[in-house]
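What the coordinates show
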Amino acid sequence: MLVDSTSLKLCGGGEWLLEKHYTKTRRSWRQLHIGMDSETGQIVAAALTTNDVDDGSRIGPPLENAKAPVASFTGGGAYDQKGAAATLDGRDPDALVTVPPRFVATPSEATKRANTAG
């Protein structure tokens with residue numbers, strides 16, 4: 001399973017008016033979290049959240065929607081969290097996890113998994 005997210009800016013019909021009249025308003029956006037089957041390329045899970053929800057906390061829905069056991073999990077550095085590792089261990093403890101560490105990462109017990117790549 002491959003997981004990632006992207007930001008979606010919300011804009012309405014009056015967006016050009018804001019730029020034309022130089023009005024400063026707070027722009028609104030959402031996060032689209034996607035889980036994809038790495039073998040078939042099909043999206044098996046998607047969730048739209050507000051911009052204050054981080055990727056690591058959204059690991060549950062893609063795993064819940066996967067019907068078969070997850071053999072491997074690949075995600076960005078935002079999934080380098082204890083909560084994400086615990087959720088994955090609870091569902092598929094034998095899954096090969098490929099998640100690059102964050103730039104501020106320090107070794108922890110979660111990195112000592114024998115089947116963790118990277």
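The rules we used
Residues numbered from 1 in each chain as written. Predicted model: local features only at pLDDT ≥ 70, side-chain atom pairs only at ≥ 80, totals over all residues. Heavy atoms only, no water. Helix = DSSP H or I, 4+ residues; strand = E, 2+ residues; numbered from the N terminus. Contact = heavy atoms within 4.5 Å. 1 Å grid on protein atoms, 1.4 Å probe; cavity = no way out; pocket = protein on both sides within 12 Å on 5 of 7 lines; lining within 4 Å. Points joined across faces, edges and corners; volume = space filled by probe spheres on them. Nonpolar A, V, L, I, M, F, W, Y, C, P; charged D, E, K, R; others polar. Salt bridge = Lys/Arg side-chain N within 4 Å of Asp/Glu carboxyl O. Buried < 20%, exposed > 50% of the residue type's maximum accessible area, 1.4 Å probe, protein only. pLDDT = per-residue confidence, 0-100. Phe/Tyr/Trp six-rings, centres within 6.5 Å; stacked < 30°, edge-to-face > 60°.

Digging into the side chain of aspartate 92
With respect to the helices, strands and loops of the structure, aspartate 92 is situated in the loop between helix 3 (82-91) and strand 5 (96-98). Sequence-distant contacts of aspartate 92, that is, excluding residues within four places in its chain, are made with Pro69 and Val70.

Thoughts on the layout of surface pockets
Considering only enclosed or pocket space, the second largest pocket measures out at about 320 Å³ in volume. What lines the second largest pocket is a set of 13 residues, among which Asp37, Ala66, Ala68, Pro69 and Val70 lie closest to the centre. Classifying every residue of the lining of the second largest pocket gives 7 nonpolar, 3 polar and 3 charged.

Details of the environment of serine 38
By secondary structure assignment, the location of serine 38 is in the loop between strand 2 (28-36) and strand 3 (43-50). Expressed as a C-alpha distance, the spacing of serine 38 and threonine 74, which sit 36 residues apart in the sequence, is 9.1 Å.

Some words on the environment of alanine 84
Within the secondary structure, alanine 84 is located in helix 3. For the pair alanine 84 and glycine 56, spaced 28 residues apart in sequence, the C-alpha separation works out to 5.4 Å. Those residues in contact with alanine 84 that sit more than four places away from it in its chain are Gly56, Ile59 and Tyr79.

Describing the pattern of salt bridges
Under the definition given, this model contains 1 salt bridge. Close ionic contact of arginine 91 with aspartate 92 constitutes a salt bridge, the shortest N to O distance being 2.4 Å. Taking relative accessible area as the criterion, arginine 91 reaches 29% and is therefore assigned partly exposed. With relative accessibility at 8%, the residue aspartate 92 sits in the buried group.

Observations regarding the confidence of the model for the protein
Across the protein, pLDDT averages 76, with 75% of residues at or above 70. Confidence, expressed as mean pLDDT per element, reaches its minimum in the protein at strand 6 (residues 116-117) with 52 and its maximum at strand 4 (residues 72-74) with 86.

Comments concerning the packing of aromatic side chains
With the rule as written, the count across this model stands at 1 aromatic pair. Measuring from ring centre to ring centre gives 5.9 Å for phenylalanine 73 and tyrosine 79, while their planes differ by 80 degrees; the resulting arrangement is edge-to-face. For the pair shown, phenylalanine 73 and tyrosine 79 are each scored as buried.

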